[in-house]
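# Geometric and topological summary
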Amino acid sequence: MSSTATPVAQSAPEPASAGIESAPDTAPAGTAGPAGPAVDGGTAGAETASAETAGSAGRKAATDYEDYRLVPARHPWRWVGTAVVALGVAGIAWSLATNPRWEWGVVAQWFTAQSIVNGLLETLKLTAISGALGFILGFILALMRLSASPLLVSVSWTFSWIFRSTPLLVQMLLWYNLGYLYEKISLGLPFTDVRFFEAQTTTLISQFAAAVLGLTLNQAAYSAEIIRGGILSVDQGQLEAATALGIPAWRRSTRIVLPQAMRAILPTAFNEVIGLVKGTSIVYVLAYSELFYTVQVIYNRTQQVLPLLLVATLWYVVITSVLSVFQYYIERHYSKGAVRTLPLTPLQKARKFLSTHAPATGKTTQERGTR
Amino acid sequence: MSTVASSTPTAPAARDAETTRGLVEITKVRKSFGVTEVLKGITLTVEPGGVAVIVGPSGSGKSTLLRTINHLEKVDAGFIAIDGTLVGYEVRGRRLHELPEKEILKQRTEIGMVFQNFNLFPHLTALENVTEAPVVAPRAGKPRSSRAEARARGLELLDRVGLKDRAGAYPRQLSGGQQQRVAIARALALDPKILLFDEPTSALDPELVNEVLDVIRGLAKSGTTLIIVTHEMGFARDVADTVVFMDQGQIVEQGTPQEIFTNPREERTRSFFSKVIEPAFNI
């Protein structure tokens, strides 16, 4: 007992030197500690308790690091790694800027040329039309695949199977050469002579039509699977609750299931759309003057192959970047309800940084100065 | 409203005068999932404005029975009628033809349902959850509500469950008990004759159970017919005018809470309650 009290008495002066605030706490412990064994000679049980509480108080004070300054762990290798990468990036940037064979002058000259801009608009038109039609058709295909009808399920499955297993290039050429397979296209009752509409295939399927048809059908096959996956990710209980409330089927799909499915659909769907932007370049085989074909026509004439490919590349980068921004905000919109608080937009983050961060550092230095 | 009537189950006539709706008649209902028969000929009548509490071990078919009442689960045999009208079917000659989806939806608007896992629509606010169905669901003999009407009624209902100030909150921003109370408001928005509760407190933390049970207690006095599947025996004793004990797809016995809890006739009932109720007192 006295043995437990002695270290207390010894440890008591220590915190007193460590911090001024802890001194009043330890002072009674220091006096009670030696007083106990001196008076009672270590007999009463009550003394044991008081000595022990005094002991714990003394120990607590000994480990009081309240006034110590925190020093975060250093990560030297992180700095080394950063330096190496920075050096590499700098090297690449330097070579891009200084190697005359990149011919940046030529790139700049063609970047906003009228023919390039026209090609760019065609690319955007193709992407928008076949993307929209592809996703609408994909939504219908996904619903067919999820329906209870075995016929609809197998038609939808077969569609995806065919269009996902044939190269897009082949599909394009096939649509463009449809006139070779079927001279006329007509709408009427099968196995009768009744015709509502009839036309020459070659007049009906222009380059543009073949391009849109090929891209749309191909896109539909992929987006059907994406949308189906999204719909499957929504909890069955949601449909059950909506059904129990008497909400009609179409409304259940569009108001209850689809908005929730969007969270799963959007990241992959944007992947697809971004792929489609560059995928449109494949319609050069139809000699359709979108961005990539236009660039090819120009460099075949001027022989400035790499700079003109760079022009096309830079435009694709611009489109993809713009789409990525859209993606961020659309995903954010659909995440309401799924997260407790919406993440800040980059603009809000910047504002927050400017309003809190910059003045805050000024304040801390001031505080330190006063201390 | 009819506080006196609800506390005395022997006076359905007095209650009829005020409500005259919500009579549920379940007759010889059978249902199998694959080879397992989960409902083996259930016959049960719940009087208008009555409160029936169904208890029993898990897997006894309680939830399935509840789900057949609003045709979420189709029965294999037997039939269910509400105020004398068949649910999900119509009689043509000597046959029962399943109704088209639209007609079934109309019937469902008269039967509210509250789920174990709340099933609130997470992308809609509490108020939007409550106002969705009245605006879009086809109603039997009633026009759809306008947005403004639904909103006013929605706020009133949220107020009734004590959540008017959380009308703009998304379900994920609410506690489990609050979510379930919103779900109850949502079920009430269609002004149903009957309310079905499928283990409404089973997914809740113990300290949140009572806020939900209090809301249901309030409803028991409102004249709406309530059919409640629950494991909360104290609550069942409190609120029920009929307690139904189910086991293995059959109704073993039914009666007043007094009869079932304190003086059960069947051995199976007695052994179930000995397992369920006594451990609660042994804490």
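As shown above, the structure is provided for reference.
Residues numbered from 1 in each chain as written. Chains lettered and ligands numbered in written order. Predicted model: local features only at pLDDT ≥ 70, side-chain atom pairs only at ≥ 80, totals over all residues. Heavy atoms only, no water.

### Re the overall build of chain A
Counting its regular elements, chain A contains 17 helices and two strands. By residue count, 32% of the 371 residues in chain A fall in the buried class. A separation threshold of at least 6 residues defines the contact pool for chain A, and within that pool the share at least 24 residues apart is 69%. Looking at chain A as shown, the accessible area adds up to about 22900 Å², and 65% of this sits on carbon and sulfur atoms. (Helix = DSSP H or I, 4+ residues; strand = E, 2+ residues; numbered from the N terminus. Buried < 20%, exposed > 50% of the residue type's maximum accessible area, 1.4 Å probe, protein only. Contact = heavy atoms within 4.5 Å. Areas by Shrake-Rupley, 256 points an atom, 1.4 Å probe, with all protein chains shown as cover.)

### Thoughts on the nonpolar core
Counting residues in hydrophobic clusters, the biggest one holds 48 residues, and the most contacted among them are B:L158, B:I184, B:F197, B:I216, B:L226 and B:I228. The element that contributes the greatest number of residues to this core is helix α8 (residues 206–220) of chain B, accounting for eight residues. Look past the residues within four positions of B:L158 in its chain and what remains in contact with it is B:A126, B:L127, B:V130, B:L163, B:K164, B:A167, B:V182 and B:A185. Judged by nonpolar contacts, the second largest core, of 40 residues, contains A:A241, B:L66, B:F121 and B:A133. (Core = buried A, V, L, I, M, F, W, Y, C linked by side-chain atoms within 4.5 Å.)

### Describing the pattern of salt bridges
Going through the model one piece at a time under the given rule, you end up with 22 salt bridges over all chains. Across the pair B:E253 and B:R265 runs a salt bridge whose closest N-O atoms are separated by 3.5 Å. Of this pair, B:E253 sits in strand β12 (residues 250–255) while B:R265 sits in the loop between α10 (257–262) and α11 (267–276), and the two are 12 residues apart along the sequence. We classify B:R265 as exposed; its relative accessible area is 60%. Taken together, the salt bridges that share partners define one network made up of A:R145, A:E225 and A:R228. (Salt bridge = Lys/Arg side-chain N within 4 Å of Asp/Glu carboxyl O.)

### Section: the pairing of strand β7 (residues 95–98) of chain B
All names here are of chain B. For strand β6 (residues 89–92) and β7, the ladder comprises four bridges, and the chain directions are antiparallel. In the sheet register, V91 faces β7, and the bridge partner there is L96. Here β6 hands over to β7 after two residues, with G93 in that stretch at a positive phi of 65°. (Pairing = 2+ DSSP bridges.)

### So, the packing of aromatic side chains
Per the stated rule, a full pass over the model turns up 13 aromatic pairs over all chains. Between A:W157 and A:W161 the ring centres are 5.9 Å apart and the planes differ by 10°, which places this aromatic pair in the stacked class. Here A:W161 and A:W157 lie together in helix α8 (residues 150–165), a separation of four residues that amounts to about one turn. An angle of 35° between the planes, with centres 4.6 Å apart, marks the rings of A:F159 and A:F163 as tilted. In this pair, A:F159 and A:F163 are both assigned in helix α8, four residues apart and thus about one turn of the helix distant. Overall, the relative accessible area of 17% leaves A:F159 in the buried class. Three or more aromatic residues joined by ring pairs make a cluster, and in this case those are B:F245, B:F261, B:F272 and B:F273. For A:K125, the ring lying beneath its charged end belongs to A:F208, and the centroid distance is 4.9 Å. (Phe/Tyr/Trp six-rings, centres within 6.5 Å; stacked < 30°, edge-to-face > 60°. Lys NZ or Arg CZ within 6 Å of the ring centre and 35° of its normal.)

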